[in-house]
Amino acid sequence: MIVRTRSAEETRLLAADVAGVVRSGDVVLLAGELGSGKTVFAQGFGRALGVEETITSPTFTLVHSYRGRVPFHHADVYRLDQLQEAIDLALPELLDEGGVALVEWGDSAAQAFSPDYLWVRIDLDEAAGEECRRLTFRPVGPSWSARVKALHHALAKWSGTEAAP
Ligand SMILES: Nc1ncnc2c1ncn2[C@@H]1O[C@H](COP(=O)(O)OP(=O)(O)O)[C@@H](O)[C@H]1O
Ligand SMILES: [Mg+2]
């Protein structure tokens, strides 16, 4: 599933649409180079989950947890062991309090991770324009596979040649 955005604000709005299909215990893995827009995505996603605090990059703490309608855990990691550590940190709350975790991951090799997450990759789309991005969605594992239709529906308005109304 590939969609496109033409500005940071469009990426925030798209992420808010994705937040509409997440549930307690969900993990979203966000891949893409530095500056592709992962933190921007996290901002729109968290805002849609009811987070009022400003969402910034949790580079030094590995994981930032926010209060929203559900706890929102935002992580930014570079190595596989950090990815595991971030999930381990967030997992108790994910299970006990119905939180949602979003992990910024500066690589595309998250396949090594336990297969139950929504994988999203953000790429620059320079041919289309400086502020254009291409977002690839891949539901991984049973809980996400069951929601492919809902995800399609949430992304429908972003999948045409016109990025947004
Ligand atoms: N379509 C777009 N989507 C997301 N960010 C965009 C877009 N166009 C331009 N930008 C800019 O790109 C930068 C992305 O930064 P950031 O989200 O911190 O990247 P990352 O977390 O992937 O390193 C921001 O300065 C943002 O304003
Ligand atoms: Mg970032």
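A few points on the structure. Treat the numbers as computed from the prediction; the structure is a model and nothing was measured.

**Structural notes on the site of ligand 1**
Around ligand 1 sit 15 residues in total, of which Thr11, Gly35, Lys38, Thr39 and Glu131 are the nearest. Here an oxygen atom of ligand 1 sits 3.0 Å away from a polar atom, N or O, in the main chain of Gly37. One of the side-chain N or O atoms of Lys38 is found 2.8 Å from an oxygen atom in ligand 1. Relative to its unbound accessible surface of 570 Å², ligand 1 loses 74% to contact with the protein.

**A few points about a negative patch on the surface**
A cluster of acidic residues, Glu33, Glu126, Glu130 and Glu131, forms a negative patch at the surface. Checked against the element boundaries, Glu33 lands in the loop between strand S2 (27-31) and helix H2 (38-48). Exposure remark for Glu33: the relative accessible area of 57% places this residue in the exposed category.

**Quick word on the packing of aromatic side chains**
As enumerated under the stated definition, the model contains three aromatic pairs in all. Consider the rings of Phe41 and Phe45, whose centres lie 6.1 Å apart with planes at 25°: the pair is stacked. In this pair, Phe41 and Phe45 both sit in helix H2, four residues apart, roughly one turn of the helix. When the ring of Phe45 is compared with that of Phe72, the centres are 5.7 Å apart and the planes differ by 45°; the resulting orientation is tilted. Taken together, the residues span a long stretch of sequence, with Phe45 in helix H2 and Phe72 in strand S4 (residues 72-77) at a distance of 27 residues. The class of Phe72 is buried, set by a relative accessible area of 0%. Here the aromatic cluster, defined as three or more aromatic residues joined through ring pairs, consists of Phe41, Phe45, Tyr66 and Phe72. Against the face of Trp119 rests Arg138, its NZ or CZ located 4.2 Å from the ring centre.

**As for the nonpolar core**
Counting residues in each nonpolar core, the largest one holds 29 residues, and the members touching the most others are Phe41, Phe45 and Phe137. For this core, the secondary structure elements donating two or more residues are helix H1 (8-19), S2, H2, strand S5 (100-105), strand S6 (117-124), strand S7 (133-140) and helix H5 (148-155). Element by element, the count of residues in this core is highest for H1, at four residues. Counting 18 residues, the second-largest nonpolar core is a separate cluster that includes Ala31, Leu62, Ala75 and Leu83.

What counts, and where the lines are drawn
- Residues numbered from 1 in each chain as written.
- Chains lettered and ligands numbered in written order.
- Predicted model: local features only at pLDDT ≥ 70, side-chain atom pairs only at ≥ 80, totals over all residues.
- Heavy atoms only, no water.
- Near = heavy atom within 4 Å.
- Polar contact = N/O pair within 3.5 Å; in protein donor to acceptor, adjacent residues only side chain to side chain.
- Areas by Shrake-Rupley, 256 points an atom, 1.4 Å probe, with all protein chains shown as cover.
- Patch = residues over 30% accessible without salt bridge, like charges linked within 9 Å, V, L, I, M, F, W, Y side chains within 5 Å.
- Salt bridge = Lys/Arg side-chain N within 4 Å of Asp/Glu carboxyl O.
- Lys, Arg positive; Asp, Glu negative; His and termini not counted.
- Charge placed at Lys NZ, Arg CZ, Asp CG, Glu CD.
- Helix = DSSP H or I, 4+ residues; strand = E, 2+ residues; numbered from the N terminus.
- Buried < 20%, exposed > 50% of the residue type's maximum accessible area, 1.4 Å probe, protein only.
- Phe/Tyr/Trp six-rings, centres within 6.5 Å; stacked < 30°, edge-to-face > 60°.
- Lys NZ or Arg CZ within 6 Å of the ring centre and 35° of its normal.
- Core = buried A, V, L, I, M, F, W, Y, C linked by side-chain atoms within 4.5 Å.

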